[in-house]
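These are the residues of each chain, in order.
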Amino acid sequence: MELYLDTANVDEIKEIASYGLLDGVTTNPSLIAKSGRNFKEVIKEICAIVPGPVSAEVIAIKHEDMLKEADELVKIAPNVVIKVPLIPEGLKTVVKLTEKGIPTNVTLCFSAPQALLAAKAGATYISPFIGRVDDTSWDGMELISEIREIYDNYGYETKILAASIRGPMHLKESALRGADCATMPISAYQQLFKHPLTDIGLEKFLEDAKKLKW
């Protein structure tokens, strides 16, 4: 399973990348706006840190404008993935970008029929928002299962990128249900390392280590 960070904070990306456990990064205009930096400069810097896919989202909502923005974004680095919203104009754009061999990430997916449309359009990635689905009292994990079954039924190669991951349980369930990738904030990523028994065990090891003779 590929693990991505959902952030535009370069320091966070460098930290997780230093572990050798970071496969890619997803960003969006909101995250980059919070940094107060130039959009393209941030994407370029992230792409230089992470050799894997870096999702850069278009701001436009009209097909022709999306294509123009995509043309600019792919010039930044070879590992840029064009992120588009799951709306008719967005999927129309995905069809054209796919014809050009440009990878895409379709975002704001909240239902299996939406995911089916994205796959038919040729999306490289589909991003179902697990946490936000849960927030509406629906089952985000069931959504992953439904998309996985539909894609397997028809041989779609679109990768399921579980998004809006809130913690280890979301990641575990996404992995069990067949998501190809997951993206999360650094707070959720750091939780993956933690378990109280690990802390207890390490404390015991350190106590015993003091008694060792080298």
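The structure presented is a predicted model; accordingly, all values stated were derived computationally and were not measured. (Residues numbered from 1 in each chain as written. Predicted model: local features only at pLDDT ≥ 70, side-chain atom pairs only at ≥ 80, totals over all residues. Heavy atoms only, no water.)

### Considering the pairing of strand E1 (residues 2-6)
- Pairing analysis gives 4 bridges linking E1 to strand E8 (residues 181-184), with the strands arranged parallel. Bridge pairing in E8 links Tyr 4 to Thr 183.
- Each parallel crossover has a hand, and for E1 linked through helix H1 (residues 10-17) to strand E2 (residues 24-26) it is right-handed. (Pairing = 2+ DSSP bridges. Helix = DSSP H or I, 4+ residues; strand = E, 2+ residues; numbered from the N terminus. Right-handed = clockwise from strand over helix to strand, strands pointing away.)

### A few points about the UniProt feature "active site" (unreviewed entry) in the chain
- The feature "active site" (unreviewed entry), as given by UniProt, occupies Lys 83 in the numbering adopted here.
- With respect to the secondary-structure elements, Lys 83 resides in strand E4 (residues 80-85).
- Filtering out sequence-adjacent residues up to four positions away, Lys 83 remains in contact with Thr 26, Thr 27, Asn 28, Ser 55, Ala 56, Glu 57, Val 58, Asn 105 and Thr 107.
- At 3.0 Å, the side chain of Lys 83 forms a polar contact with the backbone oxygen of Thr 27. (UniProt positions renumbered as here; feature names shortened; annotations may be inferred. Contact = heavy atoms within 4.5 Å. Polar contact = N/O pair within 3.5 Å; in protein donor to acceptor, adjacent residues only side chain to side chain.)

### Examining the environment of Leu 73
- Structurally, Leu 73 is set in helix H4 (residues 63-73).
- Looking at Leu 73, the relative accessible area reads 4%, which means it is buried. (Buried < 20%, exposed > 50% of the residue type's maximum accessible area, 1.4 Å probe, protein only.)

### Regarding the side chain of Asn 105
- As for its placement among the helices and strands, Asn 105 is situated in strand E5 (residues 104-109).
- Residue class for Asn 105 comes out buried when judged on its relative accessible area of 0%.
- A polar contact is formed between the side chain of Asn 105 and the side chain of Ser 55, at a distance of 3.1 Å.
- A polar atom in the side chain of Asn 105 sits 2.7 Å from the side chain of Ser 127.
- Once residues lying within four places of it in the same chain are set aside, the contact partners of Asn 105 are Thr 26, Ser 55, Val 81, Ile 82, Lys 83, Val 84, Tyr 125, Ile 126, Ser 127 and Leu 161.

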